[in-house]
Amino acid sequence: MRWAASMERIADAHARRAMNGPTPPYIYISQQCEDVDQCFTPLSDIAHRVSEVQEELHTRKEIEVTHVITTSDERDLEWWSDVGALGWTWVDYAAGRTEEIYGNVVAAASRHLVFLDAIIQSNAAGLVGTRGYTMSTVVSRRVQSCYDGATRLIRWGWPGADDQ
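Rules behind the numbers
Residues numbered from 1 in each chain as written. Predicted model: local features only at pLDDT ≥ 70, side-chain atom pairs only at ≥ 80, totals over all residues. Heavy atoms only, no water. Helix = DSSP H or I, 4+ residues; strand = E, 2+ residues; numbered from the N terminus. Expected span 1.5 Å × (residues − 1). Buried < 20%, exposed > 50% of the residue type's maximum accessible area, 1.4 Å probe, protein only. Core = buried A, V, L, I, M, F, W, Y, C linked by side-chain atoms within 4.5 Å. Contact = heavy atoms within 4.5 Å.

Enquirer: Residues and numbers for unusual backbone geometry, please.
Expert: The backbone of Asn20 sits at a positive phi, close to 55°, despite the residue not being glycine. Following the sequence through the fold, Asn20 ends up in the loop between helix 1 (5–19) and strand 1 (26–31). Notably, Asp148 is not glycine yet its phi reads approximately 55°, a positive angle. Mapped onto the secondary structure, Asp148 falls in the loop between helix 6 (134–147) and strand 5 (150–154).

What follows is the structure, encoded as structure tokens:
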């Protein structure tokens, strides 16, 4: 599957903005928290999975990947502050004025932002996703098959679900 060139350009612009410059190899975290009050997977567990992906990329492909981008439907501002404290970044479509700038290419409906997320995810060197979440499963396979990337899918749904 290939993405439309116009959508690739928009997604890359958002990735560059999130990383404050040219897009280096990165690990993408797709943390799903929909329909629950909070993400049950502690950031420490996610960070552990990120380090596993970094180690695998270093061992198998001899690349050091230090940039991490995440998205989540988490609404807790403290959680996002903690994400930033880990040195990770995220795509902020509102700050990027996506709808205002790309209105004709990316319709106002949020479902189109899912495609931008999918493009950014699928261009990653590695992925830490959510087990049982369709988007994570699809993107995990794309990262593995197209880029020989490293992936991990986190178990979630109750406190301690992904205990190491």
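Text resumes after the structure shown.
Enquirer: Explain helix 1 to me, and be specific about the residues and the numbers.
Expert: End to end, helix 1 covers 21 Å across 15 residues, agreeing with the expected 21 Å (1.5 Å per residue, within 8%). Residues Met7, Ile10, Ala11, Ala13, His14, Ala15, Ala18 and Met19 constitute the buried set of helix 1. Looking one or two places after helix 1, you find Asn20, whose phi comes out positive at around 55°.

Enquirer: Before we move on, can you summarise the nonpolar core with the specific residues and values?
Expert: The biggest cluster of nonpolar side chains holds 21 residues, and the ones touching the most others in it are Tyr26, Tyr28, Ile69, Val91, Leu116 and Ile120. Of all the secondary-structure elements, those providing two or more residues to this core are helix 1, strand 1, helix 5 (111–122) and helix 6. For this core, the element with the highest residue contribution is helix 1, accounting for six residues. Beyond its immediate chain neighbours, meaning those up to four positions away, Val91 contacts His14, Ala18, Ile69, Thr70 and Ile120. Formed by 17 residues, the second largest nonpolar core is a distinct cluster that contains Leu43, Val50, Val53 and Trp79.

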